[in-house]
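# Observations on the model geometry
Below, each chain spelled out in residue letters.
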Amino acid sequence: MQLNPDQQAAIRYLNGPLLVLAGAGSGKTRVITQKIAYLIQDCAYDANSILAVTFTNKAAREMKQRVSKVVNETQLQGLRISTFHNLGLYILRCEHKAAGYKSNITIFDDEDATGLLRELLLKKFAKDPKIIAQIKGHISRWKNELIAPDQAEKLAQAPWEMVAANVYVDYARYLHAYNAVDFDDLIYIPTKLLLDHEEILTKWQMRIRYMLVDEYQDTNHSQYQLVKLIAGIRGGLTVVGDDDQSIYTWRGARPENLMQLSDDFPNLNLIKLEQNYRSTTRILRCANHLISHNEHIFEKKLWSQLGEGELLQIISCKDEESEAYRVIAEITKHKFKHNTQFKDYAILYRGNFQARFFEKALREQNIPYKLSGGTAFFSRSEIKDLLAYFRLLVNPQDDAAFLRIINVPRRGIGPTTIEKLGNYAKQRNVSLLLAAQEVGVQQILSGKPLQTIKSFIEWLQTMVYKIRHDDAEISLKQLLQDIGYQDWLESTCSSDEVAKNKMGNVKELLLWVAKLLKQHNGDFADVVAKLTLLDMLENSEEDTEQNKVQLSTLHASKGLEYPYVFLVGMEEGLLPHTISIDEKNIAEERRLAYVGITRAQRGLTITFARQRKKHGGVIDTKPSRFLKELPTDDLQWFTPNSAASEENRQETGKAHLANIRELLAKK
DNA sequence: CATTAGCTGTTTTTT
DNA sequence: ACAGCTAATG
């Protein structure tokens, strides 16, 4: 496909910073990938002097894949395409000394961070998880705004804000003592570092000569500062964004950063991409109609040359179960009729929990599917356990990891022992593991617990050695053997099935780690940190190649496209979500729906359930208000009593599915 | 220390 | 419905 003049211009423009306002499907990823190719092939840029940044691992993966199709492999050596968090980790690991960390940094995930905060707040006053979450959010905001703990203390006004600031101080101190960072730190610390150290800043500015940022509307303040610092006055910078696709303000994203750019870079050039190469005119008209209900920073109108296309189908379903069966039935029918492939279909939803019903239905029908997003995998207890072992092997100061696994599997180390050890560690001002290694613990602990901990530490040390010197895969299997994890799973799980499943996950993790270790030259610390950032499915191009129905949250679907999209659960309370139903947040929910609609290339089906199970009971639901914001002429409704569909008399999706199977069999 | 029964509150989205 | 926590018991 040829590039249009605007795209060409965006690719070739190198006389300073450039903002590309790119509507959905206007080829923004193409502009970025082609620009990388242009820089390398036509402008003699070294690949390792180019940095491309995205928000999700998925987007980074996609971009890497697309670049490798345009530029040959030897020229790509050293090219960095990564998420903001991975970039932060990279800078932090390079500059750990200046930042005051040892090289074996570990990353606290959300759960660890919340755990630490709970511990700290217990002393102060509260243990209400809501308050903890609130304070966590506040600390996160401070970090996003580049406000240090001591500054926060000075700035705090309201009493509760003072408490939060105090906790922030302690929290930062503890994390540092653990030689650990949280997700926000991965941006905050490197940005502060570049701000405070002229020579480090210069070094990075020299190293990175051109920077490209995708989904720019999702940057928060600290991320923007990081970009600005690296780009410097030279302004080797292209950012691509679309304020209509800003769906991350809940985690601090500031679409205003699009505007901010022209203030910070007076010589900023602006290029708009408005031609859409993805969707039919009908789909686009619906998207434009919907989003016109929002206020806009920049006006733009998307258009397409791909023809009118089919009507959008709106299907009313009885409940979530029949919604799932109905969608599967529609896919089956459509696939048969148009001779398509499973991978041409995507099911998009607001919340991860919705995937369950579709998974069940797909499994029953033996339809292959790909569930997107690694979060589910990493939140599994068995994976977190193993990861905690890994973290402890890397960093003996990681107390969160220590606490998680010291008694998993059971070693007879209970709360009493841990409390004693904890007190001692605090008094000695060292981590739990290091405290247990000191001679002085003998005065605190004795007998069996002491013996157990001693031998546990000895074992850990042999393990550290083994992983460094022996074959990775064998070492990791040994670790699993030594702790008797399989037996523990079998004895604690409710059924053999569950235990087997968990063991399968554990084996999968070990395989990945072994593979990653080889990729990272055996740098176990690096691999473990990467794992925490969920950056692993890297070598699974097969997934998109494989012929599977795609299941994804709306958030995770951004930047992707599918021939036929099923946007499910289009109900009040779900999309828009109950929590975001006030005037300010409704705009973001609308953008979320907009993102969903604009994923579709040729066909779009929107479904909703009239009833949904909620905390036990059954709740009546209403169709989403967003449906009323679509142009009626482009819609075809399928409701139980509408004449539009004979088939729809079948109330349950299951029966509907059976009908279609029968119909197909006859043909 | 481990186990278990009963109690709670809880449901967005991601790094 | 369910997981995660608490308190009581082995």
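About the thresholds
Residues numbered from 1 in each chain as written. Chains lettered and ligands numbered in written order. Predicted model: local features only at pLDDT ≥ 70, side-chain atom pairs only at ≥ 80, totals over all residues. Heavy atoms only, no water. Pairing = 2+ DSSP bridges. Helix = DSSP H or I, 4+ residues; strand = E, 2+ residues; numbered from the N terminus. Axes fitted to C-alpha atoms, helices over the stretch in contact; angles between N-to-C directions. Contact = heavy atoms within 4.5 Å. Buried < 20%, exposed > 50% of the residue type's maximum accessible area, 1.4 Å probe, protein only. Salt bridge = Lys/Arg side-chain N within 4 Å of Asp/Glu carboxyl O. Near = heavy atom within 4 Å. Polar contact = N/O pair within 3.5 Å; in protein donor to acceptor, adjacent residues only side chain to side chain. Nonpolar A, V, L, I, M, F, W, Y, C, P; charged D, E, K, R; others polar. pLDDT = per-residue confidence, 0-100. Patch = residues over 30% accessible without salt bridge, like charges linked within 9 Å, V, L, I, M, F, W, Y side chains within 5 Å. Areas by Shrake-Rupley, 256 points an atom, 1.4 Å probe, with all protein chains shown as cover. Lys, Arg positive; Asp, Glu negative; His and termini not counted. Charge placed at Lys NZ, Arg CZ, Asp CG, Glu CD. Phe/Tyr/Trp six-rings, centres within 6.5 Å; stacked < 30°, edge-to-face > 60°. Disulfide = S-S within 2.5 Å.

### A closer look at the sheet that holds strand β1 (residues 18–22)
Read across the sheet, six strands follow the order β3-β2-β6-β7-β1-β8 without closing on themselves; strand pairing throughout is parallel. Strands at the two margins of the open sheet, each flanked by one partner only, are β3 (80–83) and β8 (269–273). If you compare each strand with its neighbour and ignore which way they point, the axes differ by 15 degrees on average. Of the pairings in the sheet, the one linking β1 to strand β7 (residues 237–241) comprises four bridges and is parallel in character. Bridge pairing in β7 places V20 opposite V240. Strands β2 (50–54), β3 and β6 (210–213) of the sheet are contacted by helix α5 (residues 84–94), whose axis makes an angle of about 110 degrees with β3.

### Observations regarding the pairing of strand β12 (residues 345–349)
For β12, the tally of buried residues reaches five of five residues, placing the bulk of the element in the interior. Both faces of β12 are covered, namely the face carrying Y345, I347 and Y349 and the face carrying A346 and L348. With four bridges joining them, β12 and strand β15 (residues 562–567) adopt parallel strand pairing. The residue of β15 that forms the bridge with Y345 is Y564. Pairing of β12 with strand β14 (residues 549–553), which is carried by four bridges, proceeds in the parallel orientation. By the bridge assignment, L348 is partnered in β14 with S552.

### Topic: unusual backbone geometry
The residue after L575, namely P576, is reached through a cis peptide bond having omega 5 degrees. Residue placement: P576 occurs in the loop between β15 and α31 (583–597). Non-glycine residue N179 carries a positive phi angle of around 55 degrees. Within the element layout of this structure, N179 appears in the loop between α10 (159–177) and β5 (180–181). On the accessibility criterion, N179 (3% relative accessible area) is buried. Positive phi, normally seen in glycine, also occurs at N429, with a value near 60 degrees. Residue position: N429 is located in the loop between α21 (415–428) and α22 (432–437).

### Thoughts on the pattern of salt bridges
Taken as a whole and judged by the stated rule, the model has 43 salt bridges. Among the salt bridges present, the one from R93 reaches D523, with a minimum N-O distance of 2.8 Å. With a gap of 430 residues between them, R93 in helix α5 and D523 in the loop between α27 (496–519) and α28 (524–532) connect regions that are remote in the sequence. Overall, the relative accessible area of 28% leaves D523 in the partly exposed class.

### Notes on the protein's contact with DNA strand B
Taken together, 27 residues lie near DNA strand B, and R350, N352, R410, T416 and T417 sit nearest. Sugar plus phosphate, as a fraction of atoms of DNA strand B within 4 Å of the protein: 55%. Within the side chain of R410, an N or O atom sits 2.3 Å from a phosphate oxygen of DNA strand B. Contact distances for DNA strand B include 3.1 Å between a phosphate oxygen and a side-chain N or O atom of T553. Of the residues contributing to the surface near DNA strand B, the split by class is seven nonpolar, 15 polar and five charged.

### Quick word on the confidence of the model for chain A
With 93% of its residues at a pLDDT of 70 or more, chain A shows a mean pLDDT of 86. Taken element by element, chain A is modelled with least confidence in helix α29 (residues 542–545), mean pLDDT 54, and with most confidence in β15, mean pLDDT 96. Long-range and interchain partners of residues 643–650, a stretch whose pLDDT sits below 50, account for twelve contacts in this model, where long-range means more than four residues apart.

### A short note on a negative patch on the surface
A surface patch of negative charge is lined by D487, E490, D496 and E497. At the level of elements, α26 (485–492) and α27 are the ones that each hand at least two residues to the negative patch. Summarising the element assignment, E497 is placed in helix α27.

### Examining the packing of aromatic side chains
Throughout the structure, instances matching the rule amount to 14 aromatic pairs. Ring centres of W142 and Y168 lie 5.5 Å apart, and the angle between their planes is 5 degrees; on these two criteria the pair is classed as stacked. Linking W142 in helix α8 (residues 129–144) with Y168 in helix α10, this pair joins segments that are 26 residues apart in sequence. Among the residues examined, Y168 registers a relative accessible area of 1% and is labelled buried. Pairing F390 with F524 gives two aromatic rings, centres 5.6 Å apart and planes at 70 degrees, and the pair type is edge-to-face. In this pair, F390 is assigned in helix α19 (residues 381–394) and F524 in helix α28, connecting sequence segments 134 residues apart.

### A look at the side chain of H138
Relative to the helices and strands, H138 resides in helix α8. With relative accessibility at 9%, the residue H138 sits in the buried group. One polar contact links H138 to E161, side chain to side chain, over a distance of 3.5 Å. Setting aside anything within four residues of it in sequence, one finds H138 in contact with W160, E161 and A164.

### Considering the environment of P17
Position of P17 relative to the elements: it lies in the loop between α1 (5–12) and β1. Between the C-alpha atoms of P17 and L3, which are 14 residues apart in sequence, the distance is 21 Å.

### Topic: the environment of Y349
Relative to the assigned elements, Y349 resides in strand β12. Residue Y349 is classed as buried on the basis of its relative accessible area of 1%.

### Brief notes about the side chain of K558
Summarising the element assignment, K558 is placed in the loop between α30 (554–557) and β15. At 2.4 Å, the side chain of K558 forms a polar contact with the side chain of D218. A polar contact is formed between the side chain of K558 and the backbone oxygen of Q245, at a distance of 3.3 Å. Residue contacts for K558: discarding those within four places in its chain leaves E215, Q217, D218, Q245, I247, Y248, V595 and R599.

### Let's talk about α5
Burial of α5 is extensive: eight of the eleven residues sit out of reach of the surface. Among the residues of α5, F84, N86, L87, G88, L89, I91, L92 and R93 are the ones counted as buried.

### Some thoughts on the state of the cysteines
The final tally for this structure, using the stated rule, is zero disulfides. There is no disulfide at C286, and the cysteine sulfur nearest it, in C317, is 18 Å away.

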